[in-house]
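An overview of the molecular structure
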Amino acid sequence: MLVIKGVIKAIPHTPAVPWGLHSLFSRNISSSSKLWVTNHSPPVNVDAKRALQTSERRRGTFTDRSQFKYARRLVVKLGSAVITREDEHGLALGRLASIVEQVAECHVEGRECIMVTSGAVAFGKQKLTQELLMSLSMRETLSPKDHTRADANTLLEPRAAAAVGQSGLMSLYDAMFAQYGVKIAQVLVTKPDFYNEDTRRHLFSTLSELISLNIVPIINTNDAVSPPPVAPQDLQKGGKKTISIKDNDSLAAMLAAEVQADLLILMSDVDGIYTAPPWQEGARFIHTYTSDMHDIVQFGKKSKVGTGGMDSKVEAATWALERGVSVVICNGNQEKAIKTIISGRKLGTFFTESSTAGSAPVEVLAENARHGSRTLQALSPGDRASCIFTLADLLTSRQSDILAANAKDLSEAAKSGLAKPLQSRLSLTPAKLKSLATGLRQIAESSHTNVGRVLRRTKIADGLELSQVTVPIGVLLVIFESRPDCLPQVAALALSSGNGLLLKGGKEASHSNRALMEVVKEALATVGAENAISLVSTREEISDLLSLESHIDLIIPRGSSELVRSIQEQAQHIPVLGHAEGICHVYIDNQADLDKALKIVRDAKCDYPSACNAMETLLIHSDLVQNGFFHTVCDMLKKEGVTVYAGPELSKMLTFGPPPAKSLKTEYGSLECAIEVVKGVEEAVDHIAKYGSGHTEVIITENKNTAQLFQRDVDSACVFHNASSRFADGFRFGLGAEVGISTARIHARGPVGVEGLLTTKWVLNGDGHAAADFAEGGPSTYVHESLPL
């Protein structure tokens, strides 16, 4: 029995382990021993000089990569392919130096690092080859016909090479770590060391002492006296020989379990685990591996380097995982691999328990979304509409649960100091839910004519007819901040358009998003498409999601300009639909109805100041400054609590006025705005072209010609006459809802409803037609006749 802080935990029976070490892990634990325990929170050093505990107690492992930053004790295993050069000429010094630098940085940060390394044989072979070649050169001089020189490498005995290389390898490590002020110690082990109780106890006592002295232990098998598990031989890789060195995966797994490491990093020359050998067609990389995935992985017959294969690495990783050690298998050739893993980025294959994984890997969710899209397409329009009607009804019937979840988010947001505009976007109310339900019913009504609608029919030739029909884009990734009301809106639009959907909400709305996702899943279950839409865990890094170009067809960001711009910059291989900023202008012409102007300006700025379609800059004709209307509109804005800033031209006209605006290209997202003076509609158009973001612009005038000129020359997604900018919205446009607003000029523009989530395909029906028949002098001719829809 093991007692920790008064809690008694039984030590389970040790299951079978690699190398048959079935009795290796039983050890009596002193009642006075203290443990350092990690429970997915920053670790606490309970004893400054704690003993290593080797019980078979099953500890909780990390359930997602973001928790790696809390890993205190690391075991890093360097495979032979990482240490050595492919040309067999010694060690890959540059790569090794980079790994040493990362381990040293982890050590300096306060982490306890242990390295399991290969390389002694490689280093020794390099030295011995030089000596052997000198000897053979003398023989060649005496006997020019002696051709054994070419076989110098094959004459080397691995154990002799190990004996020569061990000291040189450690000297190299010592010199490299010394650059960072880190002390190291060499620990050589053999297989019998783990069978013998005394030597095993001494081994881990030594490791405990070294760690307590702030020294990095570097462990290697003593190949000088212990033969490898298979006959030594050189293996081929890419036409070049690589050194076959004893596989240390099982050794690293055993050490990690014995020392109760938090994280084991197995570095090899492979990116991680694939569903099949990576060179085979259809092989898919697995970012997150759970024990129940073993049956879907097909391993190659043997590794291309070293003595073990990927199956042995998986066996070692799963064995360590069962003993409470989180594991990542990664490519040691990847730049900054260790630091990247520790930071939580998706590199390599992460081994975790399926029961505590929290959710399926995002790749699986994306594949489910693609299959779900096919399911939605196969449904009748009536079934898709029925599903959306069900979702609308659930928003009303589950209102109390949804609002209770939202109240938790609002409370946490207030405690965390979330910005007021974001808190406003975060809030859900009965009125908002009612408006949402109304919009969803509009989408449901339109679902009968979305997917499969024929846009064009053309008679190519007799018996050859072409149609252009609407189809879903595929799989959408919608990333949104704060606004949980986006979730049901976008879900309904995806349902209506037959698209699979991944939703990534902000952590500030986590409770609300989960509650809303429950009603979405319930609605999807009525048509057998539960997996078509999924909420991605907030633990997934956005940068990792943006790398799934083979799974995601379109990204739609909804949030701050910083979020949207960041996604647009990072998503290099996936199209992004959206707008980075909503710098909306209202221009009051000198022929405007001033009562209308006051009403529109108040609504555009004050109705919902955090919305992207809220007015940010008010442009006023210079005549209105002279007749006093400027003061009237300023007084109105100040009564509404709006802070006003003056543009450069306005500042020149006023001795005492509002403080100057820092920039006229600012999206305030709050009760703030800038006011600038222009001499006419042409200057207003020029100002918008210079400072606008292409979102929504408004002119207030009674002169229709002026309005037409403004609407013609302003190049924005939405251009309004005598109406508030707040009408730039999918629901208000009659689209039911919007998936976002696009300021792009390709595909959709402005509020994007269902049609913006559809593309087209061409369907051709013939009767044995061949293109060669239409060649000059052929029996067929093109007609290209338009047919009625």
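Conventions used here
Residues numbered from 1 in each chain as written. Predicted model: local features only at pLDDT ≥ 70, side-chain atom pairs only at ≥ 80, totals over all residues. Heavy atoms only, no water. Helix = DSSP H or I, 4+ residues; strand = E, 2+ residues; numbered from the N terminus. Buried < 20%, exposed > 50% of the residue type's maximum accessible area, 1.4 Å probe, protein only. Contact = heavy atoms within 4.5 Å. Pairing = 2+ DSSP bridges. Right-handed = clockwise from strand over helix to strand, strands pointing away. Axes fitted to C-alpha atoms, helices over the stretch in contact; angles between N-to-C directions. Polar contact = N/O pair within 3.5 Å; in protein donor to acceptor, adjacent residues only side chain to side chain. Salt bridge = Lys/Arg side-chain N within 4 Å of Asp/Glu carboxyl O. Phe/Tyr/Trp six-rings, centres within 6.5 Å; stacked < 30°, edge-to-face > 60°. Expected span 1.5 Å × (residues − 1). Core = buried A, V, L, I, M, F, W, Y, C linked by side-chain atoms within 4.5 Å. pLDDT = per-residue confidence, 0-100. Patch = residues over 30% accessible without salt bridge, like charges linked within 9 Å, V, L, I, M, F, W, Y side chains within 5 Å. Areas by Shrake-Rupley, 256 points an atom, 1.4 Å probe, with all protein chains shown as cover. Parallel < 35°, antiparallel > 145°, perpendicular 65-115°, else oblique. Disulfide = S-S within 2.5 Å. Left-handed = near helix turned anticlockwise from the far one by under 90°. Nonpolar A, V, L, I, M, F, W, Y, C, P; charged D, E, K, R; others polar.

Quick word on the overall build of the protein chain
Counting its secondary structure elements, the protein chain contains 24 helices and 30 strands. For the protein chain, with 789 residues in total, the buried portion stands at 53%. Contacts in the protein chain between residues at least 24 apart in sequence constitute 74% of all its contacts with a sequence separation of at least 6.

Focus: the environment of Met267
With respect to the element layout, Met267 can be found in strand 9 (residues 263–268). When the C-alpha atoms of Met267 and Gly348 are compared, they prove to be 9.3 Å apart, with 81 residues separating the residues in sequence.

Points about the pairing of strand 21 (residues 584–588)
Where burial is concerned, most of strand 21 is hidden: five out of the five residues are buried. Across the two faces of strand 21 the burial is the same, with Cys584, Val586 and Ile588 and His585 and Tyr587 all buried. Where strand 21 meets strand 22 (residues 615–621), five bridges bridge the pair, whose relative direction is parallel. When the bridges of strand 22 are listed, Cys584 appears paired with Met615. Following the backbone out of strand 21, through helix 19 (residues 594–606) and into the adjacent parallel strand 22, one traces a crossover that is right-handed. In the sheet, strand 21 pairs with strand 25 (residues 696–700) via four bridges, with the strands oriented parallel. Residue pairing in the sheet places Tyr587 in a bridge with Ile699 of strand 25.

Focus on the sheet that holds strand 16 (residues 464–472)
Taking strand neighbours across the sheet as the criterion, the four strands line up as 29-16-15-30 in an open arrangement whose pairing is antiparallel. Pairing within the sheet leaves two strands with one partner each, and these edge strands are strand 29 (758–765) and strand 30 (785–787). Between one strand and the next, the sheet's axes are offset by a mean angle of 30°, whatever the strand orientation. Bridge count for strand 15 (residues 454–461) against strand 16 is six bridges, and the pairing is antiparallel. Looking at strand 16, one finds that Lys459 is bridged to Glu465.

Overview of the side chain of Asn331
Its location among the elements puts Asn331 in strand 13 (residues 326–331). Accessibility expressed as a relative area gives 13% for Asn331, which makes it buried. A polar contact is formed between the side chain of Asn331 and the side chain of Asp271, at a distance of 3.1 Å. If sequence neighbours within four positions are ignored, Asn331 has contacts with Ser268, Asp269, Val270, Asp271 and Ala337.

Brief notes about the pattern of salt bridges
Counted by the stated rule, this structure contains 28 salt bridges. Salt-bridge contacts for Asp249 lead to Lys77; the nearest nitrogen and oxygen are separated by 2.9 Å. Taken together, the residues Asp249 in helix 7 (residues 249–258) and Lys77 in strand 3 (residues 73–78) connect sequence positions 172 residues apart. Asp249 gets classed as buried once you look at its relative accessible area, which sits at 0%. By relative accessible area, which is 3% here, Lys77 ends up buried. Each of Glu197, Asp198, Arg200, Arg201 and Glu258 takes part in a single network of salt bridges with overlapping partners.

Things to note about the sheet that holds strand 21
Strands sit in the order 23-24-22-21-25-26 across an open sheet of six strands; the sheet is parallel. The outermost strands of the open sheet, each flanked by one partner alone, are strand 23 (643–646) and strand 26 (718–721). Recorded for the sheet is a direction-independent mean angle of 20° between the axes of neighbouring strands. Where strand 22 meets strand 24 (residues 672–678), five bridges bridge the pair, whose relative direction is parallel. From the neighbouring strand, His621 faces strand 24, where its bridge partner is Val678. The sheet contacts of helix 21 (residues 629–639) involve strand 21, strand 22, strand 23 and strand 24, and relative to strand 24 the element is tilted by about 175°. On the sheet, helix 24 (residues 704–713) packs against strand 21, strand 25 and strand 26 and is oriented at approximately 175° with respect to strand 26.

So, the packing of aromatic side chains
By the definition in use, this model includes nine aromatic pairs. Both rings, one in Phe774 and one in Tyr782, keep their centres 4.3 Å apart while their planes meet at 15°; by these two values the pair is stacked. Here Phe774 falls in the buried class, since its relative accessible area comes to 14%. Grouping aromatic residues by their ring pairs yields a cluster made of Phe62, Phe68 and Phe350.

Re helix 19
The terminal C-alpha atoms of helix 19, which comprises 13 residues, lie 18 Å apart, in line with the 18 Å expected from a rise of 1.5 Å per residue. Listed as buried for helix 19 are Ala597, Leu598, Ile600, Val601, Ala604, Lys605 and Cys606. On the buried face of helix 19, the contacting elements are strand 21, strand 22, helix 21, strand 24 and strand 25. One side-chain oxygen at the N-terminal end of helix 19 lies 3.0 Å from the backbone nitrogen of Asp595; it belongs to Asp593.

Notes on the nonpolar core
Within the largest apolar cluster, 51 residues are counted, with the highest numbers of intra-cluster contacts made by Val478, Leu501, Leu503, Val520, Ile533 and Val739. Ranked by residue count, the leading element in this core is helix 15 (residues 486–497), at eight residues. Within the second largest apolar cluster, 41 residues are counted, among which are Leu78, Leu91, Val328 and Ala337.

Some words on the confidence of the model for the protein chain
Mean pLDDT over the protein chain stands at 81; residues scoring 70 or higher make up 82%. Every residue in residues 146–155 is under pLDDT 50, and counting partners more than four places away or in other chains gives 15 contacts.

Quick notes on a nonpolar patch on the surface
Together, Phe727, Phe733 and Leu735 line one region of the surface with nonpolar side chains, adding up to about 260 Å² of accessible area. Along the chain, Leu735 falls in the loop between strand 26 and strand 27 (740–742).

Digging into the side chain of Asn220
Within the element layout of this structure, Asn220 appears in strand 6 (residues 216–221). Residue class for Asn220 comes out buried when judged on its relative accessible area of 5%. Leaving out residues up to four positions away in the same chain, Asn220 has contacts with Thr117, Ser118, Ala120, Leu169, Val187, Leu188, Val189 and Asn248.

Here's the deal with the packing of helix 11 (residues 381–397) against helix 14 (residues 430–446)
The N-to-C vectors of helix 11 and helix 14 enclose an angle of 170°; their axes lie 8 Å apart at closest approach. Relative to helix 14, the element helix 11 is oriented roughly antiparallel. From helix 11, Ala385, Ile388, Phe389, Leu391, Ala392, Asp393, Leu395 and Thr396 reach across to helix 14, where they touch Leu433, Leu436, Ala437, Leu440, Arg441, Ile443, Ala444 and Glu445.

Considering the state of the cysteines
Within this structure, the stated rule accounts for zero disulfides. We note that Cys634 lacks a disulfide partner, and the nearest cysteine sulfur, in Cys673, lies 8.1 Å from it. Judged by relative accessible area, which is 6%, Cys634 ranks as buried. Counting only cysteine sulfurs, Cys606 is the nearest neighbor of Cys673, a cysteine outside any disulfide, at a range of 8.1 Å. For Cys673, a relative accessible area of 0% puts it in the buried group.

Side note on the packing of helix 11 against helix 16 (residues 510–525)
It is the contact of helix 11 with helix 16, at a shortest axis distance of 9 Å, that shows an interaxial angle of 145°. Remark: the crossing between helix 11 and helix 16 carries right-handed chirality. On helix 16, the residues touching Cys387, Thr390, Leu391, Leu394 and Leu395 of helix 11 are Leu516, Val519, Val520, Glu522, Ala523 and Leu524. The class makeup of the residues in the contact of helix 11 with helix 16 is nine nonpolar, one polar and one charged.

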